[in-house]
Amino acid sequence: MAAVVFQLLILVAVPARKVVTLSTGKTVLLKVQPVDPYNMLSGYYNTFNFDIADVNAFPNAQVFPNDSWVYAIVQRGDDGVWTPALLVPDLPTNLPENRAALLGQIRYGRIKYGIEELYVPEAQRYTVGEDLRLNPDKARVEVKVDKNGHVALVRLKIEDRIYE
Amino acid sequence: MSTKFRAELRNELPLWTQQGLLSDDAAKQLASIYQLDNLKHESSNLLSAVIFTIGGLLLGGGLISFVAANWDAISTPVKLTLLVTALLSFHIVGRWLWQTTHWRRLGHALVFCGCLVFGANIGLVAQIFHISSSWYAGFGAWALGSLAMAWAFRSWIIGVLTLFTSFLWFVGHQGDSYDFTAIAYPLIIAAALLPLAWIIRSRVLYTGTVIAVVASACVLAGNHGSGRQLLITMAAGAVFMWTLGELQRAARWRAEFANLTVGFGLALLAITAYVWSFHIFWSPSPFGTMSAYWAIVFFVLAIVGVVLWFARRGHQTRSLALTVGVLTAGGILCASSLMARADAPNGETLFTITTNFAALIVAAVVIAASLIDERRAVFWLGSLYLVQLILSRFLEYETSLLVKSAAFLACGVAVIVAGVGYEQYLRRNRPRAEADQPLTEAKGTGGKIFE
């Protein structure tokens, strides 16, 4: 039975960090676009391209090599959307309330945060894809960021429509 | 001893006793030695295991599909409860059947299906929490859980599942990061599964693990080194597999594993020699850094294996020539890889010739093995390999159509003549061999290269 318990522990460990982040993290709203409006549905998930995933959106991106882990500092704007501010190598302390640090890894000019894919119910997959294609500038993704910079995806918002 | 042989023996025994070739007592003794009475039971067990496994797969697939289809209608706690319940149901019922009833094979099938459900659960949990990760990460978690279950239930098929999922993880992981876990994967998978295969005497798991060890080392050399590093790793890995199998046979360490290991080693050596026999693979290229660590390990293990094999082979001389041939071919390939340099004068031509020579030796070894063991299929494999090697050279280089035509005709005639000669050889030798060979020899491995 120890082997069965071990399998259960693995199943618990897979989402453990995301669960902690979702329950303790700060809410951040990010602007997104589908990677390719004509090829964004792969299986039952949508792939996103965040503004903060582009290293060139940060002024000091060039000093970080490929594969390095960074903390992306984002800042809340007047419209409630958080935008890129700075990349730092270490977790900053004492960030003001309107700033958050997101842990990501630089991969070939992009920053991966582990929130690039939203799984949607089978019945909604075409609806979500169509909504994203028709309203690329209005799509926002709500994420949670914990004190260590780990990020968890909560839901997709397009105007008043919510997909989660 | 193969089931096919025992089934044929069961059919022949009544005829032999009717014809007076065997006494009733001798027939009963043979039936007892080969456990012929168990044949019917064994075949029905195998059939039931296959049916139970297919049934379990369909059951597990249906449950997972049901949960996935009702994703939007089910709340997250209920989804997780359903996934865990499905997993526990397979494992608990499977374990109960395995240990407390005579439905052992059904229990084994259910536990195996439970491990498949475990893999599906990992993917579904990742979906519930929108976890975006590398495509291979889930296979790593799956392999860990399956490994624990394979050891807990001493299951060869769950061991094979572990091998498959861990290899997928390795392929993805080493592509992303060339770190310690990637470099050490061949050692890790060998330590995790070879003892299990040894304990439960599973030829499939044992051979699969040895192949995975060599294949993963080749992936590392090819992906993070150069073509020459891939060549030396493949050649050293092939020689290692051959010597491992020969040593096991000579020392009678799980001799039943030997044939597959030796066969795959020779096949890998043949493929390696054939691929690098093409001139294009020896075109000038930078030496690069020598990072084929596992080639060195295989080489050292092969040398140790040869020394031990030589000490334990006793009075058997039949495999000596074949082993010398394999070592020579492997040595030529390794030496060619080490000596080839981009600035070596006429290096391309020299090393193309040496690898072609190595391929010819491999063909000779295969044909010699077929003559020693009187195995028709092996003879044709060796002959076709030789013909393919020769025709590849004629097609590779600019020669006139007349020369190509002559080469095809000569190869065709040679194959027919060799085939006729081999059949005559079999006819001459078989009656004598059958008369000389005591019946009890058939029960052991018989020292055959391929069985």
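To be clear, the structure that these remarks concern was listed above.
Calculation notes
Residues numbered from 1 in each chain as written. Chains lettered and ligands numbered in written order. Predicted model: local features only at pLDDT ≥ 70, side-chain atom pairs only at ≥ 80, totals over all residues. Heavy atoms only, no water. Helix = DSSP H or I, 4+ residues; strand = E, 2+ residues; numbered from the N terminus. Rg over C-alpha atoms; globule rule 2.2 N^0.38 Å. Buried < 20%, exposed > 50% of the residue type's maximum accessible area, 1.4 Å probe, protein only. Contact = heavy atoms within 4.5 Å. Areas by Shrake-Rupley, 256 points an atom, 1.4 Å probe, with all protein chains shown as cover. Lys, Arg positive; Asp, Glu negative; His and termini not counted. Charge placed at Lys NZ, Arg CZ, Asp CG, Glu CD. Arc of directions from axis to C-beta. Buried area = accessible area lost by both parts, 1.4 Å probe. Salt bridge = Lys/Arg side-chain N within 4 Å of Asp/Glu carboxyl O. Patch = residues over 30% accessible without salt bridge, like charges linked within 9 Å, V, L, I, M, F, W, Y side chains within 5 Å. Phe/Tyr/Trp six-rings, centres within 6.5 Å; stacked < 30°, edge-to-face > 60°. Lys NZ or Arg CZ within 6 Å of the ring centre and 35° of its normal. Core = buried A, V, L, I, M, F, W, Y, C linked by side-chain atoms within 4.5 Å. Axes fitted to C-alpha atoms, helices over the stretch in contact; angles between N-to-C directions. Parallel < 35°, antiparallel > 145°, perpendicular 65-115°, else oblique. Left-handed = near helix turned anticlockwise from the far one by under 90°. Nonpolar A, V, L, I, M, F, W, Y, C, P; charged D, E, K, R; others polar.

Asks: Just checking my understanding: could you explain the overall build of chain A for this structure?
Replies: A count of helices and strands for chain A gives 2 helices and 11 strands. Computed over its C-alpha atoms, the radius of gyration of chain A comes to 17 Å, within 12% of the 15 Å expected for a compact globule of 164 residues. C-alpha atoms of chain A, sized along the principal axes, occupy 50 × 45 × 30 Å. For chain A, with 164 residues in total, the buried portion stands at 46%. A separation threshold of at least 6 residues defines the contact pool for chain A, and within that pool the share at least 24 residues apart is 65%. Accessible area of chain A: about 8,300 Å², with a carbon and sulfur share of 52%. Within chain A, one finds 18 positive and 19 negative side-chain charges whose respective centroids are separated by 3 Å.

Asks: Hey, could you run me through helix 2 (residues 24-33) of chain B in this one?
Replies: Three- or four-residue spacings in an α-helix give side chains the same orientation, since the helix completes a turn every 3.6 residues. All names here are of chain B. Within the span of helix 2, buried status applies to A27, L30 and A31. Looking straight down helix 2, one finds its buried side chains confined to an arc of 100 degrees; they lie on one side. Residues of helix 2 that are exposed and point more than 90 degrees away from the buried face comprise D25, K28, Q29 and S32. Following helix 2 by one or two positions, Q35 adopts a phi angle in the positive range, close to 50 degrees.

Asks: Explain the interface of chain A and chain B to me, please; I cannot follow it from the model alone.
Replies: It is common to give the size of an interface as the accessible area that goes away when the parts come together. Of the residues lining the interface, 27 residues belong to chain A; the matching set on chain B comes to 27 residues. When chain A packs against chain B, close to 2,400 Å² is buried across both sides, 72% of that on carbon and sulfur atoms. Among the residues of chain A in contact with chain B, Q7, L11 and Y119 of chain A are the three that bury the most area, contributing 27% of the side total. Taken together, chain A and chain B are joined by 1 salt bridge.

Asks: What exactly am I supposed to notice about a nonpolar patch on the surface here?
Replies: All names here are of chain B. Together, W198, W253, I296, V300, V304 and L308 make up a nonpolar patch on the protein surface, roughly 520 Å² of accessible area in all. Top contributing element to the nonpolar patch by residue count: helix 13 (residues 293-312), with 4 residues. Structurally, V304 is set in helix 13. Judged by its relative accessible area of 42%, V304 falls in the partly exposed class.

Asks: Would you explain the packing of aromatic side chains in this entry?
Replies: For any pair of aromatic rings, the description consists of the separation of the ring centres together with the inter-plane angle of the planes. Residue and element names in this part refer to chain B. Counted according to the given criterion, the structure contains 20 aromatic pairs over all chains. With centroids separated by 6.1 Å and ring planes inclined at 55 degrees, the aromatic side chains of W198 and Y206 adopt a geometry described as tilted. On the accessibility criterion, W198 (31% relative accessible area) is partly exposed. By relative accessible area, Y206 is classed as buried at 4%. Where F379 meets Y422, the ring centres are 4.0 Å apart and the plane angle is 5 degrees; that geometry is what we call stacked. Placement of F379 in helix 16 (residues 376-396) and of Y422 in helix 17 (residues 401-436) is noted, with a sequence separation of 43 residues between them. For Y422, a relative accessible area of 2% puts it in the buried group. Across from the ring centre of F278, 4.7 Å away, lies the NZ or CZ of R393, which sits over that ring.

Asks: Could you clarify how one ought to interpret the nonpolar core in this entry?
Replies: Considering soluble globular proteins, one finds that nonpolar side chains tend to be buried as a cluster. Core analysis: the largest hydrophobic core is formed by 97 residues, its most contacted members being M149, F298, V362 and Y385 of chain B. Ranked by residue count, the leading element in this core is helix 5 (residues 104-128) of chain B, at 12 residues. Counting 36 residues, the second largest nonpolar core, distinct from the first, contains I52, Y113, V143 and Y163 of chain A.

Asks: Whenever I open this one, the side chain of R140 of chain A confuses me. Can you help?
Replies: Residues and elements named next belong to chain A. As for its position among the elements, R140 is in strand 9 (residues 139-145). D79 provides the closest opposite charge to the buried, unpaired R140, separated from it by 5.0 Å. If near-sequence neighbours (up to four positions away) are discounted, R140 is found in contact with L29, L30, K31, V32, V81, R155, L156 and K157.

Asks: Looking at this structure, I do not really get the packing of helix 11 (residues 227-251) of chain B against helix 14 (residues 320-339) of chain B. What am I missing?
Replies: Geometrically, a packed helix pair is captured by the angle between its two axes and the distance between the axes. Residues and elements named next belong to chain B. Packing of helix 11 against helix 14 brings their axes to within 8 Å, and their N-to-C directions diverge by 160 degrees. As the angle between them shows, helix 11 and helix 14 are arranged roughly antiparallel. Crossing hand, helix 11 versus helix 14: left-handed. Residues R228, Q229, L231, I232, A235, A236, V239, W242, T243 and E246 of helix 11 lie in contact with helix 14, whose contacting residues are L322, T323, V326, L327, G330, L333, C334, S337 and L338. The residue makeup of the contact of helix 11 with helix 14, split by class, is 12 nonpolar, 5 polar and 2 charged.

Asks: Mind showing me how you'd approach the packing of helix 9 (residues 185-200) of chain B against helix 10 (residues 203-224) of chain B here?
Replies: All names here are of chain B. Where helix 9 meets helix 10, the closest approach of the two axes is 8 Å, and the angle between their N-to-C directions is 170 degrees. Here helix 9 lies roughly antiparallel to helix 10, going by the angle between them. Judged by residue contacts, Y185, P186, I189, A190, L193, L194, L196, A197, W198 and I200 of helix 9 engage L205, Y206, T209, V210, V213, S216, A217 and L220 from helix 10. Its residues assigned to classes, the contact of helix 9 with helix 10 shows 16 nonpolar, 2 polar and no charged.

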